[in-house]
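The lines below spell out each chain.
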Amino acid sequence: MLSYSHIQGQYWGVGLFKYWEMKQIPNFFIATPMVILVIYIALSWISRINFSHGFLDSLLSFKAASYLHLVSLMMVAMTTMHVQVITRFIVANSPYFILFCAETKPLVQRLVTIYFMVYSVLGTILHASFYPWT
């Protein structure tokens, strides 16, 4: 009996950097806004850490765990998954991502809202037309 990881690697091309091919460049463009947003979230968290007082408390907080969870999800998605599913993967698995988007600056909120609206409408149209969109 074959293991599931063997089937994923053999038939679906899932594995460490197996998806990084020239023909997948359009899918990386689909994932780029989400990657940029996660990087922005991570950098904003790092900028709020007080390195002089309470550094350990900052690292052991629930928010820190949520940020680390979000960054680790992004690293797994970028290295081992098909990148076009990053948006679904991050939004479905990281509740703090949604909270951050709700609590951030109005300009960022507007950009995120526009991105998700365009993503939803375009994804619905393309999926209904049998084009590959996730």
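Look up: the structure comes first, before these words.
Now for a quick tour of the structure. (Residues numbered from 1 in each chain as written. Predicted model: local features only at pLDDT ≥ 70, side-chain atom pairs only at ≥ 80, totals over all residues. Heavy atoms only, no water.)

Some details on the pattern of salt bridges
Note the following rule: One side-chain nitrogen of Lys or Arg within 4 Å of one carboxyl oxygen of Asp or Glu is enough to make a salt bridge. Here the term buried applies to any residue with accessible area under 20% of the maximum for its type, exposed to any over 50%, and partly exposed to those in between, with areas from a 1.4 Å probe on protein chains only.
For the structure on display, the rule yields one salt bridge. Its salt-bridge partner being Glu-21, residue Lys-23 comes within 3.7 Å of it at the nearest N-O pair. Given a relative accessible area of 63%, Lys-23 falls into the exposed group. Assessed through its relative accessible area of 38%, Glu-21 is described here as partly exposed.

Regarding the packing of aromatic side chains
For clarity, the threshold we go by: When two rings of Phe, Tyr or Trp (its six-membered ring) have centres within 6.5 Å they constitute a pair, described as stacked for plane angles under 30 degrees, edge-to-face for angles over 60, and tilted for the intermediate range. Strands here are runs of E lasting at least two residues and helices are runs of H or I lasting at least four, both read from the DSSP assignment and numbered beginning at the N terminus.
Inspection of every chain in the model, using the stated rule, returns seven aromatic pairs. With a centroid separation of 5.3 Å and 25° between ring planes, the pair formed by Trp-45 and Tyr-67 is classed as stacked. One end of the pair, Trp-45, is in helix α2 (residues 25-48); the other, Tyr-67, is in helix α4 (residues 62-80), and 22 residues separate them in sequence. A single burial state applies to Trp-45 and to Tyr-67, both of which are buried. Taken together, the ring pairs in this structure connect Phe-97, Tyr-115, Phe-116 and Tyr-119 into an aromatic cluster.

Points about helix α6 (residues 95-103)
The test is simple: What the arc covers is the set of directions going from the helix axis to the C-beta atoms. Any two residues whose heavy atoms approach within 4.5 Å at even a single point are treated as in contact.
Here α6 has its buried residues at Tyr-96, Phe-97, Phe-100 and Cys-101. Buried residues along α6 cover an arc of 140° about the axis, so they all sit on one side. The outward face of α6, more than 90 degrees from its buried face, is lined by the exposed residues Pro-95, Ala-102 and Glu-103. Where α6 is buried, its residues touch α2, α4, α5 (86-93) and α7 (106-128).

Overview of the side chain of Asn-27
Among the secondary structure elements, Asn-27 is positioned in helix α2. Since its relative accessible area comes to 17%, Asn-27 is described here as buried. Leaving out residues up to four positions away in the same chain, Asn-27 has contacts with Tyr-19, Val-83 and Gln-84.

Some details on a nonpolar patch on the surface
Here is the rule we go by: Candidates for patches are residues over 30% relative accessible area with no salt bridge; among them, like charges are joined within 9 Å and nonpolar side chains (Val, Leu, Ile, Met, Phe, Trp, Tyr) within 5 Å. The Shrake-Rupley method, run with a 1.4 Å probe sphere, supplies the accessible areas, and residue values consider only the shown protein chains as cover.
The grouping of Leu-16, Phe-17 and Trp-20 at the surface amounts to a nonpolar patch, some 360 Å² of accessible area in total. Assignment of secondary structure puts Leu-16 in the loop between α1 (4-12) and α2. Looking at Leu-16, the relative accessible area reads 60%, which means it is exposed.

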